[in-house]
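Breakdown of the fold
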Amino acid sequence: RLGTGESHVLFLHGGYGQSNYWARQAEALAGRFRVTLLDTRGHGRSPVVSGRYGFGLFAADVVALMDDLAIARAAIVGWSDGGITGLELATTRPDRVSRLVAFGANATPDGLIGGGSRTPVFSGYAARCATAYKTLSPHPERWPELNAGLAAMWRREPNFSDDRLAAIRAPTAILAAEHDEIIRPAHADHLARTIPGARRVTLKAVSHFAMLQDP
């Protein structure tokens, strides 16, 4: 349980996805904490408002939502792009982050496994997201714009230096799947070693989509 004044948990999903992917985890925590789920800009129910995407923008959106909901601080639980956004928040807005769980996140492009996004499981996930977008998005015809914007972002971000990671003070857990298609295990090790006091946790018998494979 989080301590007094730290009763909020904010879930951040991965690229192409939406907050529904956290349903089972949110349900498990809702009896003890105030749980908030966000659809990242351009994803799910959040409309495409521009062609600009970046983890700094995503983090600013999270802070804006927290301000709107009067959430002073929250434990951030992020998966993939959501985990990277959590790292961005922990380094740029530490006053808003009580704790951080980052699953399947990379700090630099060299943390990725080459060709991982072309595996059958990853391709199936992308197809599933595209189908869901048709029913969730207020402007489903803008899926190609989201796809192009994210592709451009992933070519240039993230780029956290070790010094930035070493400045994180929120209690942090770095989660890595045993069979992650895109994150190198050694990179997760590096994150856990570089962030002071971070825990390194391996999720057994699952891949980058652990919240669905074994809720």
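Below is a short write-up of the structure. (Residues numbered from 1 in each chain as written. Predicted model: local features only at pLDDT ≥ 70, side-chain atom pairs only at ≥ 80, totals over all residues. Heavy atoms only, no water.)

**What about the sheet that holds strand 5 (residues 172-177)?**
Sheet architecture is open: 6 strands sit in the order 2-1-3-4-5-6, paired in parallel fashion. This sheet does not close on itself; its edge strands, each paired only once, are strand 2 (34-38) and strand 6 (199-203). Direction aside, neighbouring strands of the sheet carry axes that sit 20 degrees apart on average. The sheet contact formed by strand 3 (residues 74-79) and strand 4 (residues 97-103) spans 6 bridges and is parallel. Across the sheet, W79 pairs through a bridge with F103, a residue of strand 4. Most of the contacts of helix 3 (residues 81-92) go to strand 3, to which it runs at about 145 degrees, and overall it touches strand 1 (8-12), strand 3 and strand 4. (Pairing = 2+ DSSP bridges. Helix = DSSP H or I, 4+ residues; strand = E, 2+ residues; numbered from the N terminus. Axes fitted to C-alpha atoms, helices over the stretch in contact; angles between N-to-C directions. Contact = heavy atoms within 4.5 Å.)

**Some words on the pairing of strand 6**
Successive residues of a regular strand alternate their side chains across the two faces of the sheet. Inspection of the sheet shows strand 5 paired to strand 6 by 5 bridges, in the parallel sense. Following the sheet pairing, I174 is matched in strand 6 by R200. Of the crossover connections in this fold, the one passing from strand 5 over helix 7 (residues 185-194) to the parallel strand 6 is right-handed. (Right-handed = clockwise from strand over helix to strand, strands pointing away.)

**Topic: helix 2 (residues 55-68)**
The terminal C-alpha atoms of helix 2, which comprises 14 residues, lie 20 Å apart, in line with the 20 Å expected from a rise of 1.5 Å per residue. Listed in full, the buried residues belonging to helix 2 are F55, F58, A59, V62, V63 and M66. One face of helix 2 carries all of its buried residues, which in axial projection span an arc of 140 degrees. Buried-residue contacts for helix 2 involve strand 1, strand 2, strand 3, helix 3 and helix 5 (143-156). A positive backbone phi angle near 60 degrees is found at A70, which sits one or two residues after helix 2. (Expected span 1.5 Å × (residues − 1). Buried < 20%, exposed > 50% of the residue type's maximum accessible area, 1.4 Å probe, protein only. Arc of directions from axis to C-beta.)

**Considering unusual backbone geometry**
Residue E157 is joined to P158 through a cis peptide bond whose omega torsion reads 0 degrees. Tracing the sequence through the fold places P158 in the loop between helix 5 and helix 6 (162-166). The phi dihedral of A70 is positive, around 60 degrees, even though this residue is not glycine. Summarising the element assignment, A70 is placed in the loop between helix 2 and strand 3. With a relative accessible area of 65%, A70 lands in the exposed category.

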